[in-house]
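Residue-level structure breakdown
The residues making up each chain are set out below.
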Amino acid sequence: MIQTVDLCKSFGNLVIFKNINITVQKGECVAVIGPSGTGKSVLFRTIAMLEKPDSGQVFINGTDITRKDININKVREKLGMVYQGFHLFSHLNVIDNITLAPIKVSIMKKQEAQKKAMELLSMVGLTEKASAFPHQLSGGQQQRVAIARSLAMDPDIILFDEPTSALDPSMTGEVLAIIRKLARSGLTMMISTHEMSFAQDVANRVLYIDEKGVYEQGTAHEIFQNPQREKTRMFIRKLKVFSYSITSRGFDMVAMNVQIELFCQKYNIDSRKINHIQLVLEELILEVSGEAEGKQQLKIDFTIEHSEEKGEILITFCYEGEFQNPFEHEEEGDNLGMVLITGVAKNFSHKYEDGRNTININI
Amino acid sequence: MNTTLVKSGEYSVIIVEGRVDTTNAGEFEKAVMDVVESGTDKIILDCTGLNYISSSGLRIFLIVHKRMLAKKGCLKLCSLQPGIKEIFDISGFSTIFSIFPDQQTAESD
């Protein structure tokens, strides 16, 4: 149904995306997610040829619509688009907004178009608003009319470009319910959205857009439950990350703790958790630097990942050198530091690969 | 970290404030051991203002405890914040030390 081949788009020197290769099969619902400003809307507009690509091709039902001899208006009859900002004609009432296109391109007579429009209004739950003007409707109602309008042409494909981003949270649900209903009906759809639970629920496939292209893609389960790449993981889990490197035993622990505290306060992490984070790091640093003393140069990197969604903290603590698992102390003696770490951690693990020890600790 | 010594009856009360960690454990040890070695045999460590302790700090508590046992003195802790009490519980130190909810209770026990 939709295929892009090496699609590239820039505005002046600003590269929006390059070499995007996407395929959307008939009946698929593909969610496009990613941080703001990564070009999701431009991608949708380019697929609909509302923006001209710099290079590459867009195939709709097997036809390359970037060709100069293509009648793009004819293509758009079967390629609906729903925008963030509704884009209803303010001087036309609801039914006229919906019937305008099918009458204009003569695929329906007025009476037939009005009958179809009323069916669509019934589907989106707005039959009583047929005579209302856009300014008399709420944002959610306007977007539902916009969806009905795009369906009036009986499209093969609809592109939803952040259909709820201009709506209050109270109105988001009513629009998502309509889109969910359309997805179940088997309509081919691409949806760019920031509603992660909706994307997870409704999409057959999810594309994560970042670094000027499709950074990662997979089934909704793969992307939301087990993302493979770092930026996807950070985005999905709403992760905020603090990174720090230690290269000398004489490093400034006081300054490090101040930075950790500032990071944690910025994301409203409570003081008990801040203490646990600092405690785990202090004990690990002491353990690793003590063991490594005289052997080699100290090289420690750690990150603190805060999942705003789950309220969890993951500490990833890496150090180079020989295999050294502090959770497996063989000799008897003072393991007080490790007792404290295992006491405050929800879970912990150690692995050794390519001369690098990595400890993961959840708090 | 800051320590302040006050006399309360027969007790020397050391008020501990701030953090006791690897960066200042030595300083903390010196401040407390100076009191221990000054001839006082009844000490209360008032931890109202102690808001962070790591293993380095706990070890100093243990050193002071052993020293007080050796000289047959009395060491009590009071007013531990919940976060500090949690660390004492995890480390097992709650069973080693005599811990009281406040200074008054510590003195009257």
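Residues numbered from 1 in each chain as written. Chains lettered and ligands numbered in written order. Predicted model: local features only at pLDDT ≥ 70, side-chain atom pairs only at ≥ 80, totals over all residues. Heavy atoms only, no water.

Remarks on the overall build of chain A
- Each helix and strand counted, chain A has 12 helices and 15 strands in total.
- Across the 363 residues in chain A, those meeting the buried criterion constitute 52%.
- Within chain A, contacts between residues separated by at least 24 positions form 65% of all contacts whose residues are at least 6 apart in sequence.
- Split by element, the accessible area of chain A, about 17,300 Å² in all, is 47% carbon and sulfur. (Helix = DSSP H or I, 4+ residues; strand = E, 2+ residues; numbered from the N terminus. Buried < 20%, exposed > 50% of the residue type's maximum accessible area, 1.4 Å probe, protein only. Contact = heavy atoms within 4.5 Å. Areas by Shrake-Rupley, 256 points an atom, 1.4 Å probe, with all protein chains shown as cover.)

Side note on the sheet that holds strand β4 (residues 74-78) of chain B
Residue and element names in this part refer to chain B.
- Overall, mixed pairing links the five strands, which are arranged β1-β2-β3-β4-β5 in an open sheet. Each having just a single partner strand, β1 (2-8) and β5 (98-100) make up the two edges of the open sheet. Taken over all neighbouring pairs, the strand axes of this sheet differ in orientation by 25 degrees on average, direction set aside.
- Summarising the sheet, β1 and strand β2 (residues 11-20) pair through seven bridges and their orientation is antiparallel. Of the residues in β2, the one forming a bridge with N2 is E17.
- In this fold helix α3 (residues 82-91) packs onto β3 (42-53), β4 and β5, with an angle of close to 105 degrees to the strand it touches most, β3. (Pairing = 2+ DSSP bridges. Axes fitted to C-alpha atoms, helices over the stretch in contact; angles between N-to-C directions.)

So, the environment of L182(A)
All names here are of chain A.
- Tracing the backbone through its elements, the reader meets L182 in helix α6 (residues 169-184).
- With a relative accessible area of 7%, L182 lands in the buried category.
- If near-sequence neighbours (up to four positions away) are discounted, L182 is found in contact with M123, I147, L151, F160, L187 and M189.

A look at the nonpolar core
- F302(A), I304(A), I315(A), F317(A), F61(B) and F88(B) are the most contacted members of the largest nonpolar core, which totals 64 residues.
- With eight residues, helix α11 (residues 271-291) of chain A is the single largest residue contributor to this core.
- Beyond its immediate sequence surroundings of up to four residues, F61(B) is in contact with F28(B), L45(B), C47(B), L50(B), I53(B), L77(B), F88(B) and F97(B).
- In this structure, A117(A), V124(A), A146(A) and I191(A) belong to the second largest nonpolar core, which totals 36 residues. (Core = buried A, V, L, I, M, F, W, Y, C linked by side-chain atoms within 4.5 Å.)

What about the interface of chain B and chain A?
- At the junction of the two partners, chain B supplies 17 residues and chain A supplies 19 residues.
- Around 1,400 Å² of area is buried between chain B and chain A when both sides are counted, 56% of it from carbon and sulfur atoms.
- If you sort the residues of chain B by the area they bury against chain A, Y52(B), E86(B) and I90(B) come out on top, with a joint share of 33%.
- For the pair chain B and chain A, the number of links is one salt bridge. (Buried area = accessible area lost by both parts, 1.4 Å probe. Salt bridge = Lys/Arg side-chain N within 4 Å of Asp/Glu carboxyl O.)

Side note on the sheet that holds strand β5 (residues 63-64) of chain A
Residue and element names in this part refer to chain A.
- As summarised here, the arrangement of the four strands in space is β2-β1-β4-β5, forming an open sheet in which the pairing is antiparallel. Unpaired on one side and paired on the other, β2 (14-24) and β5 mark the two borders of the sheet.
- Looking at chain direction, strand β1 (residues 2-11) and β2 are connected through seven bridges and run antiparallel. Counted as the bridge partner of I2 is V24 from β2.
- Helix α1 (residues 40-47) rests against β1, β2 and β4 (55-60) of the sheet, and its axis sits at about 120 degrees to β1.

Observations regarding the pairing of strand β10 (residues 213-219) of chain A
Residue and element names in this part refer to chain A.
- Relative to β10, strand β9 (residues 205-210) runs antiparallel, the two being bridged by six bridges. Across the sheet, D210 pairs through a bridge with G213, a residue of β10.
- The hairpin turn running from β9 into β10, its antiparallel successor, is two residues long, and E211 in that turn takes a positive phi close to 50 degrees.

Remarks on helix α2 (residues 55-70) of chain B
- Between its terminal C-alpha atoms α2(B) stretches 22 Å, which fits the 22 Å expected from 16 residues at 1.5 Å a residue.
- Within α2(B) the residues assigned to the buried category are S55(B), S56(B), G57(B), L58(B), I60(B), F61(B), V64(B), H65(B) and M68(B). (Expected span 1.5 Å × (residues − 1).)

So, the pattern of salt bridges
- Taken as a whole and judged by the stated rule, the model has 20 salt bridges over all chains.
- Between R272(A) and E86(B) there is a salt bridge; the shortest N-O distance is 2.8 Å. Separated into two different chains, R272(A) in helix α11 and E86(B) in helix α3 make up a pair that spans both.
- The salt bridge partner of E320(A) is R356(A), with a shortest N-O separation of 3.5 Å. Separated by 36 residues along the polypeptide, E320(A) in strand β13 (residues 312-320) and R356(A) in strand β15 (residues 356-362) bring together distant segments of the chain.
- Residue class for E320(A) comes out partly exposed when judged on its relative accessible area of 40%.
- Judged by relative accessible area, which is 26%, R356(A) ranks as partly exposed.
- Taken together, the shared-partner salt bridges connect K299(A), D301(A), E320(A) and R356(A) into one network.

Here's the deal with the packing of helix α12 (residues 336-344) of chain A against α2(B)
- At their nearest, the axes of α12(A) and α2(B) sit 9 Å apart, and the two run at 125 degrees to each other. Classified by the angle between their axes, α12(A) and α2(B) sit oblique to one another. Regarding α12(A) and α2(B), the two cross each other, and that crossing is right-handed. Residues L336(A), G337(A) and L340(A) of α12(A) form the contact with α2(B), whose participating residues are S55(B), L58(B) and R59(B). (Parallel < 35°, antiparallel > 145°, perpendicular 65-115°, else oblique. Left-handed = near helix turned anticlockwise from the far one by under 90°.)

Thoughts on the environment of S185(A)
All names here are of chain A.
- For S185, the location among the structural elements is in the loop between α6 and β8 (188-192).
- Expressed as a C-alpha distance, the spacing of S185 and G27, which sit 158 residues apart in the sequence, is 8.5 Å.
- Looking at S185, its side chain comes within polar contact range of the main-chain oxygen of L182, at 2.6 Å. (Polar contact = N/O pair within 3.5 Å; in protein donor to acceptor, adjacent residues only side chain to side chain.)

Some thoughts on the environment of V82(A)
Residue and element names in this part refer to chain A.
- The residue V82 is located in strand β6 (residues 79-82) in this model.
- Of the residues examined, V82 reaches a relative accessible area of 0% and is grouped as buried.
- Residues V82 and R144, 62 residues apart in the sequence, show an inter-C-alpha distance of 9.7 Å.

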